[in-house]
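Chains, contacts and geometry: an overview
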Amino acid sequence: MSSHISLAKNSKVVSTDELSKLKDPSLFRAEAFVDGKWVKAASGKTFDVEDPGTLEKIGSVTDMDASDVRKAVDAGSAAFESWKKTTAKQRAVLLRKWYDLIIENKDDLARILTLEGGKPLIEATGEVLYGASFIEWFSEEAKRAYGDVVPSPVANSRMVVMKQPVGVAGIITPYNFPNAMITRKVGAALAAGCTVVVRPAHETPYSALALCELAQRAGIPPGVINVVTCSGENTPEVGRELTTNPTIRKVSFTGSTPVGKLLMEQASSTMKKVSFELGGNAPFIVFDDADLQTAAENLLACKFRNSGQTCVCANRVYVHESVYDEFVDKFVSLVKQKLKVGHGLDEGTTFGPIITERGLLKVEDQLKRAVNSGAKVVLGGKRPSINVSGQFFEPTVLVNVSDDVPMSCEETFGPLCPIYKFTSEEEVLRRANNVPVGLAGYFFSRDIGRIFRVAEALQVGMVGINVGNVSSEVSPFGGVKESGVGREGSRYGIDEYLNIKLLNIAF
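Heads up: these notes are all about the structure in this document. (Residues numbered from 1 in each chain as written. Predicted model: local features only at pLDDT ≥ 70, side-chain atom pairs only at ≥ 80, totals over all residues. Heavy atoms only, no water.)

Structural notes on the sheet that holds strand S24 (residues 498-506)
- Spatial strand order, S6-S7-S24: three strands in an open sheet with antiparallel pairing. In this open sheet, the two strands that pair with only one neighbour each are strand S6 (148-150) and S24. Averaged over all pairs of adjacent strands, the angle between their axes in this sheet comes to 25 degrees, without regard to strand direction.
- Relative to S24, strand S7 (residues 157-165) runs antiparallel, the two being bridged by nine bridges. Across the sheet, the residue bridging to Arg158 is Ile505, located in S24. (Pairing = 2+ DSSP bridges. Helix = DSSP H or I, 4+ residues; strand = E, 2+ residues; numbered from the N terminus. Axes fitted to C-alpha atoms, helices over the stretch in contact; angles between N-to-C directions.)

Written out as structure tokens, the structure reads:
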């Protein structure tokens, strides 16, 4: 087992001291946001939020239950009656103001995100800008929710198709992108004319609340955006309320496949419209004609972004046997050179902590099982020794990994990078598709015929070809098989929050 992982400066970071560096301290809110007001839970209960890079408490947040959620839903329902009547241009203007405020406050938003989510500050800033791009995009798409005129089979009638907002939308977001997962969903919902009740992850609620503060400043009316924070203990009942309350007509969720299946079952009780972006197990394929340096550089970002905690991370890396050793050497060299482990606010950090303890334990368990089955660790493989007490694990590269171990069959959601050999196109496609999920996939080749064959054969919703990134505000984001239903972002994203209505007019 080889370490050789670079560490950042690792000066002692005191999480609470970092909050004093906010330019606008009012962005750091601790209460839920309902009907345009900052409110406490009826029970008066709160829950603590920790910095995963130090395990220090950074604050306490309102802990709402199902009864509190019902009040938020009622507020969203009341606001919907007027919000749905606003013009697309009016909604576009307000969303643009919100976007401008997010950009203006990007440094504070990034610092808050790093403190609760652990991302290196430069990466957190990137998420804030990425998240803002969805508000900008949907401010423009609000004016493009076009209908149709359908040629009628009857001479004395005309058929018109119009689109109308679904109603109140329940939004459930994960901890790994606490800013962008909210803006990608809420931007589309508001542009369509819907109101929302958002439940952010209990690990990372502060980013959601900061966005509410800016939305209020932008002039978005009370009740249009509601955020209900809750502890892990209250999460099941809050989720159940959002999926079964008959007033909510749409549920959008990003998270694991097992939880998505549960929420879909609950939402079926009232036949809600749903869009679920669930787990992935992305293959990353390097063919023998690939540019190996480009492939290695893209794998570095694709695998280790957010310390491997993204649903579109490369999870299984397949390299043709003829270039296998060369590629592994190039990739390991890049990891040693580019990644520096440390607290996200520490100078030079490019690789932060695992956000949750259960995530860290899963990484260690998958690694242990792989090694016990014959895998070899060529880089990393342990918790690093650094001057903080957070939940860190080294970026880890493995070879000789069996296809039958959990690392190969399940989403890792952490910094383990197994690299497998393959011999033929047919073989690697069979192995790449041999999982129940299909969110993203990547491959590198300069053969134009192979590019189309492989792209069409991969059973995923998004394919990166000679690039390790598939997401932007203009591209449809979503998967197939057990990776979910629906699409976010792009011109398709707003349709998830619209109903189609036919007008058949006789004269």
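Continuing now.
Focus on helix H11 (residues 324-338)
- With 15 residues, H11 extends 21 Å between its outermost C-alpha atoms, agreeing within 8% with the 21 Å of an ideal straight helix rising 1.5 Å per residue.
- Residues of H11 that are buried: Tyr324, Phe327, Val328, Phe331, Val332, Leu334 and Val335. Taken end-on, H11 shows its buried residues confined to a sector of 160 degrees, consistent with a single buried face. Every exposed residue of H11 that faces more than 90 degrees away from the buried side is listed here: Asp325, Asp329 and Gln337.
- Along its buried surface, H11 packs onto strand S13 (282-286), helix H10 (292-304), strand S14 (314-320), strand S16 (376-379), strand S17 (396-399) and strand S18 (416-422). (Expected span 1.5 Å × (residues − 1). Buried < 20%, exposed > 50% of the residue type's maximum accessible area, 1.4 Å probe, protein only. Arc of directions from axis to C-beta. Contact = heavy atoms within 4.5 Å.)

What about the side chain of Arg184?
- Within the secondary structure, Arg184 is located in helix H6 (residues 180-192).
- When its relative accessible area of 2% is taken as the criterion, Arg184 is described as buried.
- A distance of 2.8 Å separates polar atoms of two side chains, one belonging to Arg184 and the other to Glu488.
- Discounting residues that sit within four places of it in the chain, Arg184 has contacts with Tyr130, Phe134, Phe138, Glu277, Ser471, Phe477, Glu488 and Gly489. (Polar contact = N/O pair within 3.5 Å; in protein donor to acceptor, adjacent residues only side chain to side chain.)

A word on the environment of Asn298
- One can find Asn298 in helix H10.
- Along the chain, Asn298 and Ala314 lie 16 residues apart, while their C-alpha atoms are 10.0 Å from each other.
- Among all residues touching Asn298, those that are not within four sequence positions of it are Phe284, Phe444, Asn466, Val467 and Gly468.
- Here Gly468 takes part through its backbone nitrogen, which lies 2.9 Å from a polar atom of the side chain of Asn298.

So, the sheet that holds S16
- Strand order across the open sheet formed by seven strands is S16-S17-S18-S14-S13-S20-S21, with mixed pairing between neighbours. The sheet is open, and its two borders are formed by S16 and strand S21 (462-465), each paired with just one other strand. The mean inter-strand angle of the sheet, taken between neighbouring strand axes irrespective of direction, is 25 degrees.
- Relative to S18, S14 runs parallel, the two sharing four bridges. By the bridge assignment, Val319 is partnered in S18 with Lys421.
- This element, H10, spans S13, S14, S17, S18 and strand S20 (440-444) of the sheet and lies at about 165 degrees to S13.
- Packing of H11 onto the sheet brings it into contact with S13, S14, S16, S17 and S18, and relative to S18 it is tilted by some 165 degrees.

Re the packing of aromatic side chains
- Evaluation of the coordinates by the stated rule reveals 13 aromatic pairs.
- Look at Phe284 and Tyr442: their rings are 6.0 Å apart centre to centre, the planes differ by 40 degrees, and that puts the pair in the tilted class. Taken together, the residues span a long stretch of sequence, with Phe284 in strand S13 and Tyr442 in strand S20 at a distance of 158 residues. Here Phe284 matches Tyr442 in class, with each residue buried.
- These aromatic residues form a ring-pair network of at least three members: Phe304, Phe327, Phe331 and Phe351. (Phe/Tyr/Trp six-rings, centres within 6.5 Å; stacked < 30°, edge-to-face > 60°.)

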